[in-house]
Amino acid sequence: MDGKWIAVDNGIVYVLEGSPDPKIKLPPAFSPGTLTGSLRDNTPKGAGTGRRIAAYDPATGKSLWTHEEDSDIAVGYLGISNGKLFFFSERPHAGCLDAKTGKLAWSNDKDVVLPNRIWNNWTEPIQTEPGNPSGLCRMLCAPEAVYISRSDQVALSAADGRLLWSSKRDNEGRRSGADYMLGIGNSLYTHTGVLDKLTGKPVTDSKGPQNAGVGGCNQHTASPAGLFSNLGEVFYDFANQRVSMGGPLVKTPCNLGMLVANGLMTSLPSGCTCDNQIKGFVAFSSAQDVAINPATRLERGTGDLEKVAPLPAGPKDWPVYRGNPQCSGSSPVSIPAKAASVWNYQPSHPFVNETCPATLTLDTEHKPTAAVCAGGSVFYAGTDGLVRCLDGRTGKQKWSFAADGPVFACPTFWQDRLYVGSADGFAYSLEAATGRLLWRFRGAPSPRRILVYGYLQSSWPVNTGVLVQDDAAYFAAGMLDGMGTYVYALKAKTGESIWQNDTSGHAYSKNFRRGVTPGGNMLIANGQLWLRSWYGLTTSYNLKTGQLDMEGDLAKGGRTVEMLRPYKAGLSGRDMGLVDNRLLVYGGFPVYGVDQNQHWDSDSVVNSRRGFRFDFAEIDAAGKALYAAKRQEKAGQKTGFADFRDLRELTYPVQGRSEGTGREKKAPEFPMRRWSLNRETNAVALAANAVVVAGGIRKDIGRRAGYLEIVPFAKWEVAALDRNDGKILWQLDLPSEPLTGGLSLDNDGNIIVMLRDGGVVCVGAKK
């Protein structure tokens, strides 16, 4: 017999025992974002159930009593309260055992006939998800009653098992129907509202939410402070009897909910591809006011700020992320017609980055940033906190600088200076020739630190990097909108403040603490500073004043609690770029999340389930959005950056409703696909005479990969493609996996390939 459920009460161990579960048949490898669903879909019927309840003395290990049922009991249908053990079996039959003796105190067979519809019209047995083997089944035990839910709900007297009341669902067991049942005081909070525990009647004088189950896979938990959804949202505050704050933008596994204990609210890792910005184990404490002292923000380094060692940039250098302030990923330089490796740099301590399909070790990994090329040098940084400068001709390291925290964003070169944003909450200005610190400015409102993926960082990291234009340096500090977001413009040479916007975090809703969350890089277009934000939104600020655009269509999408789907749907990545100064492209991987073993792939089911997608949105001359974003999701349609088709269809379904843009009469001229690359590419750069791609070639397994199956790579390579038809001009093997987005072109036409292990490869003309 195997143990299926275990509990400890008054020093006695109680166990549900049953036959060993059948082995779960799974594909050989998975995409991390779909593991939960794969387990659910492949779990055999009857797993996680048993028929024997037993009590044991933990001191001696001896059995005190056993009770056998003639039908299965799922683990979600057991509970202990006031010396009584309650259960519900699939006969159907509800019963109560004396916890000391195991004797049956009462039984009820007639009042507990519950439907098998536990997720819309799904009529399979109750097992649906590992980790919650009873699927969407719930039992809640209280001194006065026991409550059983599976779509419908019944309340039985804890004393004698008689029916107290019942409640039925009208929509055939919508998923939230059994997700939400909490007993608080004299009330029972359910999907239908707040009910009296003993009568089941609505609490008419309650100011609480009357439709608490907000759908989807929401599982609610509670603390003395209020109700929490599985997104961590306190949607009902007991003290104020109202919705009082928005969520911290994390997500627990479906049907689990937040864990509230020891003064903390904790979220467990979720494999879901929902748009939460942070993935992993996440803990929150009570919010505290932040004391801001502007006088302590700017710190000067040694030496003169004006007299900086010269490092002249070339006219065709690649000084910022993706080449220019518009992040177009293009350069006017021409690359060699034939190429060879010029040099290969490896750091003294390679980053820990296991390539596909090795075991994920995200908590100890370090990740490099993309590189910039300027003044004959190559600059890059990484989450190890080091900023490195390499000689562009030899690949030898010239200097390194240690920030006080991880660096997620690519450095920026401007007028002999290098600018870096760090997760320590600071923006740095360095002398590019030597690495000397010129100044650093704390964007974080206070020096508070937290532990993130195994290393300390600020609660308000500068993960946007620093973008410089017209003597002004722009960056943003923040991690979650509920904690506040701070956007700055500083004098690029001295670090002195030009303007700051410290209200963006709650700009869309102060009550819900909704607003802008810095989620990635920035760009400049049409007098606006565009910031990659969470929710799949892209927001903009006036370059001169710092005022947040609250009127553009993209901004309007953020001002509601239920975000518009065109700006969500897996598009919470960190990347953003501008094409023809009018087409905004956004998507990619999030800053805090799984980004390994995932690649651009225009012809494989492997990538289509991983949320690595890009969208287009057209902006007008004032930098405002003209049309809602449109993502293709038709059955069987390919996905990938190089495979967008005609995007002139402008309406987009929003939660079952047709949501138009108001400008459907004249469709924008979105770019049409010239050709599609049928291979996986981690990075792309556009030169004057070719398209450069870096990626991998998978091993030939003699068949097409199955659903969720990941085939190992045979090799990694960089290649040049003809701009007109995509034909390969030349290709060169790489020593390891290239970094996503890790291609740069220098002033001489050399190709700088950033590798995931922190290595750098320079590819130039073949002699």
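Here, the structure is the one placed above.
We now turn to the structure provided with this report. (Residues numbered from 1 in each chain as written. Predicted model: local features only at pLDDT ≥ 70, side-chain atom pairs only at ≥ 80, totals over all residues. Heavy atoms only, no water.)

With respect to the overall build of the protein
Logical step 1: Secondary structure summary: the protein contains three helices and 51 strands in total.
Logical step 2: Contacts in the protein between residues at least 24 apart in sequence constitute 56% of all its contacts with a sequence separation of at least 6.
Logical step 3: Accessible area of the protein: about 31400 Å², with a carbon and sulfur share of 51%. (Helix = DSSP H or I, 4+ residues; strand = E, 2+ residues; numbered from the N terminus. Contact = heavy atoms within 4.5 Å. Areas by Shrake-Rupley, 256 points an atom, 1.4 Å probe, with all protein chains shown as cover.)

Points about the sheet that holds strand E18 (residues 259-261)
Logical step 1: Ordered by their spatial adjacency, three strands build an open sheet running E18-E19-E20, and the pairing between neighbours is antiparallel. In the strand order of this sheet, the two ends are held by E18 and strand E20 (282-284), each with one partner. Each neighbouring strand pair of the sheet contributes to a mean axis angle of 25 degrees, computed without reference to strand direction.
Logical step 2: Bridging between strand E19 (residues 264-267) and E20 involves three bridges; their strand directions are antiparallel. Counted as the bridge partner of Met265 is Phe284 from E20. (Pairing = 2+ DSSP bridges. Axes fitted to C-alpha atoms, helices over the stretch in contact; angles between N-to-C directions.)

What to know about the sheet that holds strand E49 (residues 738-745)
Logical step 1: Taken together, the four strands give an open sheet; going across it, the order is E22-E51-E50-E49, and neighbouring strands pair in antiparallel fashion. In this open sheet, the two strands that pair with only one neighbour each are strand E22 (339-345) and E49. On average, each strand axis in the sheet is tilted by 25 degrees relative to the strand beside it, whichever way the strands run.
Logical step 2: When E22 meets strand E51 (residues 760-765), the two strands line up antiparallel, connected through six bridges. Note that in E51 the partner of Ala339 across the bridge is Ala765.

Section: unusual backbone geometry
Logical step 1: Of note, the amide linkage connecting Arg91 to Pro92 takes the cis form, showing an omega dihedral of 0 degrees.
Logical step 2: Phi angles above zero are rare outside glycine, and Asn262 is one such case at about 55 degrees.
Logical step 3: As for its position among the elements, Asn262 is in the loop between E18 and E19.
Logical step 4: Of note in this structure, Gln415 is not a glycine but carries a positive phi near 45 degrees.
Logical step 5: The partly exposed category is assigned to Gln415, whose relative accessible area is 39%. (Buried < 20%, exposed > 50% of the residue type's maximum accessible area, 1.4 Å probe, protein only.)

Considering the nonpolar core
Logical step 1: If you look at the biggest cluster of nonpolar residues, it comprises 36 residues, and the most contacted ones within it are Tyr474, Phe475 and Leu529.
Logical step 2: Counting residues per element, the ones that place at least two in this core are strand E30 (437-442), strand E33 (467-469), strand E34 (472-477), strand E35 (486-491), strand E37 (518-525) and strand E38 (528-533).
Logical step 3: In terms of residue count, the dominant contributor to this core is E34 (six residues).
Logical step 4: Among all residues touching Phe475, those that are not within four sequence positions of it are Ala427, Phe441, Gly443, Val462, Thr464, Gly465, Val466, Tyr486, Val487, Tyr488, Leu490 and Met522.
Logical step 5: Formed by 35 residues, the second largest nonpolar core is a distinct cluster that contains Ala685, Leu734, Ile752 and Cys762. (Core = buried A, V, L, I, M, F, W, Y, C linked by side-chain atoms within 4.5 Å.)

Quick look at the environment of Trp499
Logical step 1: With respect to the element layout, Trp499 can be found in strand E36 (residues 497-501).
Logical step 2: On the basis of relative accessibility, which here comes to 7%, the residue Trp499 falls in the buried class.
Logical step 3: The spatial distance from the C-alpha of Trp499 to the C-alpha of Ala489 is 5.3 Å, given a sequence separation of ten residues.
Logical step 4: The contact partners of Trp499, leaving out residues within four places of it in the chain, are Tyr474, Val487, Tyr488, Ala489, Leu529, Asn542, Leu543, Lys544, Thr545 and Gly546.

Quick look at the pattern of salt bridges
Logical step 1: In the structure shown here, the tally under the stated rule is 17 salt bridges.
Logical step 2: The salt bridge partner of Asp109 is Arg91, with a shortest N-O separation of 3.7 Å. One end of the pair, Asp109, is in the loop between strand E7 (104-108) and strand E8 (138-141); the other, Arg91, is in the loop between strand E5 (84-89) and strand E6 (93-98), and 18 residues separate them in sequence.
Logical step 3: With a shortest N-O distance of 3.7 Å, Glu496 and Lys491 are connected by a salt bridge.
Logical step 4: Through salt bridges that share partners, Glu69, Asp70, Arg91 and Asp109 make up one connected network. (Salt bridge = Lys/Arg side-chain N within 4 Å of Asp/Glu carboxyl O.)

Comments concerning the packing of aromatic side chains
Logical step 1: Across all of its chains, the model carries 15 aromatic pairs by this definition.
Logical step 2: Geometrically, the ring pair formed by Trp414 and Tyr419 is tilted, given 6.4 Å between the ring centres and 55 degrees between the ring planes.
Logical step 3: Look at Trp414 and you get buried, because its relative accessible area is 13%.
Logical step 4: Exposure remark for Tyr419: the relative accessible area of 0% places this residue in the buried category. (Phe/Tyr/Trp six-rings, centres within 6.5 Å; stacked < 30°, edge-to-face > 60°.)

Some details on the pairing of E7
Logical step 1: Alignment of E6 against E7, held across four bridges, turns out to be antiparallel. By the bridge assignment, Ala94 is partnered in E7 with Asn108.
Logical step 2: Counting the residues in the hairpin turn of E6 and E7 gives five residues, including Gly102, whose phi is positive at 85 degrees.

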